[in-house]
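Notes for the structure review
Each chain, written out:
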Amino acid sequence: LVSADALGALGARLHALNRLAAQLQSTHGAVPVDAVVRTGRFDWRAAMATPGWLAELSAPAGAHHAESEVYGISHFVYARTRPFDGGRLDALLRARREDRSHCLHACRLLRSKGFWWLAGAPALKLEWATAAADFVPRVAGCWLGALAQAAHAASGLVAAVGARDGWDE
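Here goes a summary of the coordinates provided. Everything numeric in this text was worked out from a predicted model, so none of it was measured.

A tally of helices and strands in the chain yields eight helices and four strands. Along its sequence from the N terminus, the chain presents helices and strands in the succession α-α-α-α-α-α-β-β-β-β-α-α. Scored against the burial criterion, the 169 residues of the chain give a buried share of 11%. For the chain, restricting intrachain contacts to residue pairs at least 6 apart in sequence, the fraction spanning at least 24 positions comes to 30%.

Further remarks concern the pattern of salt bridges. Close approach of charged atoms allows side chains of opposite charge to pair. Overall, the coordinates contain one salt bridge when judged by the stated rule. Notably, a salt bridge pairs Asp-90 with Arg-94, separated by 2.8 Å at the nearest N-O pair. Here the residue Asp-90 and the residue Arg-94 both occupy positions in helix α5 (residues 86-98), the gap between them amounting to four residues, near one helical turn. According to the relative accessible area criterion, Arg-94 is partly exposed, its value standing at 47%.

For any two aromatic rings, the description comes down to two numbers: the centre-to-centre distance and the angle of the planes. Under the counting rule described, the total for this entry stands at six aromatic pairs. Ring geometry for Phe-84 and Trp-116: centres 5.6 Å apart, planes at 90°, overall edge-to-face. Of the two residues, Phe-84 is situated in the loop between α4 (67-70) and α5 and Trp-116 in strand β1 (residues 111-118); the sequence distance between them amounts to 32 residues. By relative accessible area, Trp-116 is classed as buried at 7%. With a centroid separation of 5.9 Å and 15° between ring planes, the pair formed by Phe-84 and Trp-128 is classed as stacked. Pair noted here: Phe-84 is in the loop between α4 and α5 and Trp-128 is in strand β2 (residues 121-131), with a separation of 44 residues, a long-range link. Here a set of aromatic residues connected by ring pairs shows up, and it is made of Tyr-78, Phe-84, Trp-116 and Trp-128.

With that out of the way, let us pick up the pairing of β2. Relative to β2, β1 is paired through seven bridges, and the arrangement is antiparallel. Bridged to Trp-116 within β2 is Leu-126. Between β1 and β2, which pair antiparallel one after the other, the connecting turn spans two residues. When β2 meets strand β4 (residues 138-142), the two strands line up antiparallel, connected through four bridges. Directly across from Glu-127, in β4, lies its bridge partner Arg-138. Here β2 pairs with strand β3 (residues 134-135) via two bridges, running antiparallel. Note that in β3 the partner of Thr-130 across the bridge is Phe-135.

Basis of the calculations
- Numbering of residues starts from 1 in each chain and follows the order in which that chain's sequence is written.
- A pLDDT threshold of at least 70 governs which residues receive local features in this predicted model, and a stricter bar of 80 or more applies before side-chain atom pairs are shown or counted, although totals over entire chains, interfaces and linings include all residues.
- Think of the side-chain values as coming from all heavy atoms in the structure, minus any hydrogens and water.
- Here a helix means four or more residues in a row that DSSP labels H or I, a strand means two or more in a row labelled E, and each is numbered from the N terminus.
- Working definition: with a 1.4 Å probe on protein chains only, accessible area under 20% of the residue-type maximum means buried, over 50% means exposed, and in between means partly exposed.
- In this description, contact between two residues means that some pair of their heavy atoms is separated by no more than 4.5 Å.
- What counts as a salt bridge is simple: a side-chain nitrogen of Lys or Arg found within 4 Å of a carboxyl oxygen of Asp or Glu.
- Centres within 6.5 Å make a pair out of two Phe, Tyr or Trp rings, where for Trp the six-membered ring is used; the pair is then stacked when the planes are under 30 degrees apart, edge-to-face when over 60, and tilted otherwise.
- Pairing between strands is defined by DSSP: at least two bridges between the two strands are required.

Following this line, the structure appears as structure tokens:
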């Protein structure tokens, strides 16, 4: 997703920030689980001795500012009971691809994720995932409510989940 030069520059910068940290290269975050879980690399004593940790602990009450405040990070939830119109969504995504810089600066949207559906394919459950200007829609299966009634009526699963989650239909 980035050039070899950009990757090298990023690696050098990260190394300068933490010379002991292992660096893993991946595409879309795909790394072997054993490369990041229970590696034994984290050292509490060393972490507590770092300047940033010490400054945070010795700061007066109220001096800490959450990263969301410092960097202007916020969030919102988009929820609708109507599917996306395929033609209008396609036009938006085409415009976004043609002028990536405009959308990134105007929208200030860095990350979004969720599930959605298209008006022309109501049973199809799609995954929405964006990171900066990168948008990769994926098929995530079908909606539970779209399965044949006979397939789930015996277990009562749809009724139980629908009641718990407040489904509209």
